[in-house]
Amino acid sequence: MGYSPVLAVVTAGFEIIVAGWAFASKRKVGSRRIAGTTGAILLLLAGYQLAEVAICADVSASGFLPRLAFIIVTWLPPLGLLLIAQLRRPRPGPTDLSAYGMLAAAAGIVVWIAVDRSFATASVCNAVYARYMHAMPRFLVYSSFYWLGLAGMIGFSGHGAMTSTDGRRRQQLAQVFIGTTGFVALSMLTSWFAPPARGALPSIMCHFALLLAVCLTRLVYLERRSAGEVDASTATQEG
């Protein structure tokens, strides 16, 4: 079955639009860091989709593009942890330490991917996903980093959704938890029970991350709505 770019292009378009909405919110929303981090995550999700379209346009001539795709997604768990840490502030804790530690590790991994030509090559594109070949056992290091980040996102967001005393932050952390848990679970189930998708987990995960993008849309909405309520309250007091 030939590769179709339609799903990737439509998904990227949605993620870019919501990212623009999040960045536009920075002028109105009190917590600009939250809007900025959310927008960055959405742009990275879109960036992978577009990189995959470019890769599958001509697999034999993809060159650096497979590694670029992994460079893009390397930043997703660290930025996800950073977003969770921002949502949980001003309460300091291990989330901040984990986020900055993962960001530092991501910077090193990106350099590694950039210089290691054997890190990832595209082997085949099928239907709506791509399958990559990796140099083992080095790729296990990358996988450990990535799954540790995703586990942190699920654990910290779930804990924050249950323990936060701020109702809005509790809802936003729940959105991160639902989006992350949902796309990881769906990706694993698809990889396990759909034989054609086996070996294509990175690509499958980035497509199911559309669920996370939808949840982040809700997160931005909650942030903008809160800012609107604050602005209305301020205008009332001034009047």
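Residues numbered from 1 in each chain as written. Predicted model: local features only at pLDDT ≥ 70, side-chain atom pairs only at ≥ 80, totals over all residues. Heavy atoms only, no water.

## Quick word on the overall build of the chain
Check the secondary structure of the chain and you find nine helices and two strands. For the chain, with 239 residues in total, the buried portion stands at 49%. Taking the contacts inside the chain whose residues are at least 6 apart along the sequence as the reference set, 74% of them involve residues at least 24 apart. (Helix = DSSP H or I, 4+ residues; strand = E, 2+ residues; numbered from the N terminus. Buried < 20%, exposed > 50% of the residue type's maximum accessible area, 1.4 Å probe, protein only. Contact = heavy atoms within 4.5 Å.)

## Concerning the packing of helix α5 (residues 94-115) against helix α6 (residues 138-163)
Between α5 and α6, the least distance of the axes is 11 Å, while the angle of their chain directions is 155°. Between α5 and α6, the interaxial angle falls into the category roughly antiparallel. Like other packed secondary-structure pairs, α5 and α6 cross with a definite hand, here left-handed. Packed against α5, whose contacting residues are Pro94, Thr95, Ser98, Met102, Ala105, Ala106, Ile109, Trp112 and Ile113, the element α6 presents Arg138, Val141, Tyr142, Phe145, Gly149 and Phe156 at the interface. (Axes fitted to C-alpha atoms, helices over the stretch in contact; angles between N-to-C directions. Parallel < 35°, antiparallel > 145°, perpendicular 65-115°, else oblique. Left-handed = near helix turned anticlockwise from the far one by under 90°.)

## A look at the environment of threonine 37
Structurally, threonine 37 can be placed in helix α2 (residues 32-57). Among residues more than four places away in sequence, those in contact with threonine 37 are Leu79, Leu82, Leu83 and Gln86. A polar side-chain atom of threonine 37 sits 2.9 Å from the main-chain carbonyl oxygen of arginine 33. (Polar contact = N/O pair within 3.5 Å; in protein donor to acceptor, adjacent residues only side chain to side chain.)

## Side note on the state of the cysteines
For the structure on display, the rule yields one disulfide. Here cysteine 56 engages in a disulfide with cysteine 125; their sulfurs sit 2.0 Å apart. Its S-S torsion of about -80° marks the bond between cysteine 56 and cysteine 125 as left-handed, since a negative value means left-handed. One end of the pair, cysteine 56, is in helix α2; the other, cysteine 125, is in strand β1 (residues 120-126), and 69 residues separate them in sequence. (Disulfide = S-S within 2.5 Å.)

## What about the packing of aromatic side chains?
In total, this model carries 10 aromatic pairs according to the counting rule given. Seen from their ring centres, tyrosine 142 and tyrosine 146 are 5.9 Å apart, and the 25° between their planes marks the pair as stacked. Residue tyrosine 142 and its partner tyrosine 146 are both found in helix α6; the two are separated by four residues, about one turn of the helix. By relative accessible area, tyrosine 142 is classed as buried at 3%. One aromatic cluster is present, formed by Phe70, Trp112, Phe119, Tyr132, Phe139, Tyr142, Phe145 and Tyr146 through successive ring pairs. (Phe/Tyr/Trp six-rings, centres within 6.5 Å; stacked < 30°, edge-to-face > 60°.)

## Some points on a nonpolar patch on the surface
Together, Ile16, Phe23, Leu43 and Leu50 make up an exposed nonpolar region whose accessible area comes to about 320 Å². Those elements that provide at least two residues to the nonpolar patch are α1 (6-25) and α2. Secondary-structure assignment places leucine 50 in helix α2. (Patch = residues over 30% accessible without salt bridge, like charges linked within 9 Å, V, L, I, M, F, W, Y side chains within 5 Å. Areas by Shrake-Rupley, 256 points an atom, 1.4 Å probe, with all protein chains shown as cover. Salt bridge = Lys/Arg side-chain N within 4 Å of Asp/Glu carboxyl O.)

## Regarding the pattern of salt bridges
Counted under the stated rule, the structure contains three salt bridges. In this structure, the salt-bridge partner of arginine 168 is glutamate 223, at a minimum N-O distance of 2.7 Å. One end of the pair, arginine 168, is in helix α7 (residues 167-193); the other, glutamate 223, is in helix α9 (residues 210-238), and 55 residues separate them in sequence. Using a relative accessible area of 5% as the deciding quantity, one classes glutamate 223 as buried. Here glutamate 223 and arginine 169 are joined by a salt bridge, their closest N and O atoms 2.7 Å apart. Of the two residues, glutamate 223 sits in helix α9 while arginine 169 sits in helix α7, which places them 54 residues apart along the sequence. Neither glutamate 223 nor arginine 169 differs from the other in exposure class; each is buried.

## Describing α5
Residue pairs three or four apart in sequence face the same way in an α-helix, which turns once every 3.6 residues. Compared with an ideal rise of 1.5 Å per residue, which puts 22 residues at 32 Å, α5 spans 32 Å between its outermost C-alpha atoms and is within 8% of the ideal. Within the sequence span of α5, burial applies to Thr95, Asp96, Ala99, Met102, Leu103, Ala106, Ile109, Val110 and Ile113. Viewed along the axis of α5, the buried residues span an arc of 150°, placing them on a single side of the element. Structural note: α5 exposes Pro94, Leu97, Ala104, Val111 and Val115 on the side pointing more than 90 degrees away from its buried face. Elements that come into contact with the buried residues of α5 comprise α3 (65-74), α4 (76-88) and α6. (Expected span 1.5 Å × (residues − 1). Arc of directions from axis to C-beta.)

## Structural notes on the environment of isoleucine 84
Within the secondary structure layout, isoleucine 84 lies in helix α4. In contact with isoleucine 84, other than residues within four places in its own chain, are Thr95, Met153, Phe156, Ser157, Leu173 and Val176.

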